[in-house]
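Below are the chains, spelled out letter by letter.
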Amino acid sequence: MENNSEIVFVLQGLNDSDTNRQIYFALALVSYLFTIFVNVTLIVTVCLEKTLHEPIYLFLCNLCVNGICGASSFYPKLLHDLLADSHVITYTGCLTQIFVVYSYVFCEFTSLTVMAYDRYMAICRPLQYRAVMTAQRVAQLLLLTWGFSLLETVVGVSFTATLPLCGHHVRKLFCTNWEVVKLSCSDTTVNNIYGFVLMFSHVSQTGLIVVSYVHLVRSSLRSRSDRRKFVQTCLPHLVTLLVFTISLVFDSMYSRYGSSSALQALQNMLAAEFLVVPPLINPIIYGINLQQIRSRILQNFSHKSEAVKPHS
């Protein structure tokens, strides 16, 4: 058994993709660039437009920043491996990727929970909303979102870093905590318990959000404006939450109990879905449904197109 710091992991997720590397590289590059573009577009739009400096839009910006972090924890290494003959990553690099990936995951859950709280106050407690959701409260919620998520990740990665490892092969496109834990030669009970505690707590967050939405639906039936507010802000939030939760839980369960003989392409798709889909669809869903953001983006692009037209 060698020192962990000397270990170089072999990523086996691309073993069956030798024949179509250039096509996969092109698709991954376009997907990554488009993900960055739509998220940055929404962030810049909200930052530059003073009328959008409201809690819901600031929380949405935070969601987009987190989406960029999540996508950037996955795509650059994938693009490199698609052009390389060997798919390896150092022990330190693997733990760093795990840290960024899981920080993104936990921050996504907490961000969606905070956004659900904001929507609950806006629709169910409209008279108290301005007094409660002050700039100071928004800053506190954003700080709590990142602080709590990073703390959860630090603890989990610290548990993994203490394990002696007896293997080098990771059966995925990228490093995940459970894939590294499975390579350990010692008892991993603490890691397993901590992993299930985190899974239970964040899935419980999803349950609480769904329960809060029952109250939101009841409240939104009172008036047409509340119904419009629900459709524009709450419905895309619920879709985002369910897509993210289902894809993440499915991947976690498959990593633990799925068959290793399944098609590699299927394993890759299941593993990468929560890193690819939410960062891409979040700004699109919100950008389409939130009229203020949609109109401002269209206005900005129309101004730019007029500016580049040749003058007669």
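Because the structure is a prediction, the values reported are computed rather than measured.

(A) Spatial organisation of the pairing of strand 1 (residues 8-11). Residue alternation in strand 1 divides its side chains into a buried set, Phe 9 and Leu 11, and an unburied set, Val 8 and Val 10. Inspection of the sheet shows strand 1 paired to strand 2 (residues 88-90) by three bridges, in the antiparallel sense. The residue of strand 2 that forms the bridge with Val 10 is Val 88. Sheet topology note: the strand 1/strand 3 (residues 169-170) ladder contains two bridges and is parallel. Note on strand 3: the bridge partner recorded for Leu 11 is Val 170.

(B) Fine view of the sheet that holds strand 3. On the basis of which strands lie adjacent, the open sheet formed by three strands has the order 2-1-3 and mixed pairing. Each edge of the open sheet is held by one strand with a lone partner, namely strand 2 and strand 3. Against the sheet, helix 4 (residues 91-124) touches strand 1 and strand 2, its axis set at about 90 degrees to strand 2.

(C) View of the state of the cysteines. Applying the stated rule across the entire model yields two disulfides. The partner cysteine of Cys 166 in its disulfide is Cys 185, sulfur to sulfur 1.5 Å. Its torsion about the S-S bond being 105 degrees, the disulfide of Cys 166 and Cys 185 is classed as right-handed. One end of the pair, Cys 166, is in the loop between helix 6 (135-161) and strand 3; the other, Cys 185, is in the loop between helix 7 (177-181) and helix 8 (189-220), and 19 residues separate them in sequence. With cysteine numbering restricted to those in disulfides and following the sequence, the chain has the pairing 1-3, 2-4. With no disulfide of its own, Cys 64 has Cys 61 as its nearest cysteine by sulfur position, at a separation of 6.4 Å.

(D) Geometry of helix 6. The first and last C-alpha atoms of helix 6 sit 39 Å apart over 27 residues, in line with the 39 Å expected at 1.5 Å per residue. When helix 6 is considered as a whole, its buried residues turn out to be Val 138, Leu 141, Thr 145, Ser 149, Glu 152, Thr 153, Gly 156, Val 157 and Thr 160.

Basis of the calculations
- Residues numbered from 1 in each chain as written.
- Predicted model: local features only at pLDDT ≥ 70, side-chain atom pairs only at ≥ 80, totals over all residues.
- Heavy atoms only, no water.
- Buried < 20%, exposed > 50% of the residue type's maximum accessible area, 1.4 Å probe, protein only.
- Helix = DSSP H or I, 4+ residues; strand = E, 2+ residues; numbered from the N terminus.
- Pairing = 2+ DSSP bridges.
- Contact = heavy atoms within 4.5 Å.
- Axes fitted to C-alpha atoms, helices over the stretch in contact; angles between N-to-C directions.
- Disulfide = S-S within 2.5 Å.
- Expected span 1.5 Å × (residues − 1).

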